[in-house]
Amino acid sequence: MTDFTVRRARTGDIPAIEMLIAPLVESRVLLGKDRVVFYEAVQEFRVAQSDDGELIGCGALHVMWEDLGEVRTLAVAGSRRGHGVGRAILDRLEADAVELGLTRLFCLTFETGFFGNRGYREIGESIVSPDVYAELVRSPDEGVAEFLDLARVKPNTLGNSRMLKALA
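Per chain, residues are indexed from 1 in the order of the written sequence. Given that this is a predicted model, residues contribute local features only at a pLDDT of at least 70 and side-chain atom pairs are listed and counted only at 80 or more, while totals for whole chains, interfaces and linings are drawn from all residues. Side-chain measures were taken over the full set of non-hydrogen atoms in the model, leaving aside hydrogen atoms and water.

Draft legend 1. Region of interest: the overall build of the chain. A run of H or I in DSSP counts as a helix once it spans at least four residues, and a run of E counts as a strand once it spans at least two, with each numbered from the N terminus. When helices and strands are counted, the chain shows 7 helices and 7 strands. The N-to-C order of helical and strand elements in the chain reads β-α-α-β-β-β-α-β-α-β-α-α-α-β. Classification of the 168 residues of the chain by burial places 48% in the buried group. By definition in these notes, contact holds between two residues if any of their heavy atoms fall within 4.5 Å. For the chain, the share of sequence-separated contacts (at least 6 apart) that also reach a separation of at least 24 residues comes to 69%. All accessible-area figures derive from a Shrake-Rupley calculation using a 1.4 Å probe, and residue coverage is judged against the displayed protein chains alone. Of the roughly 8900 Å² of accessible surface on the chain, 52% is carried by carbon and sulfur atoms. Each residue gets one of three labels from its accessible area relative to the maximum for its type: buried under 20%, exposed over 50%, partly exposed in between, using a 1.4 Å probe on protein chains only.

Draft legend 2. View of the nonpolar core. Counting residues in each nonpolar core, the largest one holds 19 residues, and the members touching the most others are Val71, Val85, Leu105, Phe115 and Tyr120. Counting residues per element, the ones that place at least two in this core are β3 (55–65), β4 (68–76), α3 (85–100) and β5 (104–109). No other element matches α3, which puts 5 residues into this core. Filtering out sequence-adjacent residues up to four positions away, Val85 remains in contact with Phe4, Ala48, Ile56, Gly57, Val76 and Arg80. What makes a nonpolar core is a set of buried Ala, Val, Leu, Ile, Met, Phe, Trp, Tyr and Cys residues whose side-chain atoms join them at distances within 4.5 Å.

Draft legend 3. Structural context of the pairing of β3. Extensive coverage of β3 is indicated by the burial of 9 of its 11 residues. Bridge analysis of strand β2 (residues 45–50) against β3 gives 5 bridges, and the strand direction is antiparallel. When the bridges of β3 are listed, Ala48 appears paired with Gly57. In this structure, β3 lies alongside β4, joined through 7 bridges in antiparallel fashion. In short, DSSP must find at least two bridges between two strands for them to pair.

Functional significance is not addressed by these values, which are geometric in nature.
So this is what it looks like as structure tokens:
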């Protein structure tokens, strides 16, 4: 039995999402973003909320291409790690991806064990065709730059693993 629910994020959740990820940004596990970026992407986020109303986790699904999405900003409050919160959020994001018609999910992470236990595999080479790469490189989105392994994001991504999962 869980003592939390996973739901679509609301604009009013943005300050709590920022507070939740702040320690991970400070330790360079997650990239920091301006508040406006969170508001612009609020529809991509799912949050875990405890039965007493506290926001205890978050994660986002960003569509990158016709068949490809990225799991972003997956974070769980320190006191709630290891209690199924991250797994529940990831399950919801994967269900959303399938509903959208995506067949592959990418993540850039230090948490290789967590994602590996859920079917993600480390990748090294590009996973898109050259013509798709040429389209994606036009995106101003930092997450897409990370996915493409562009030099301009290297200081933020050193040590991360690129992982991919094929969805059923």
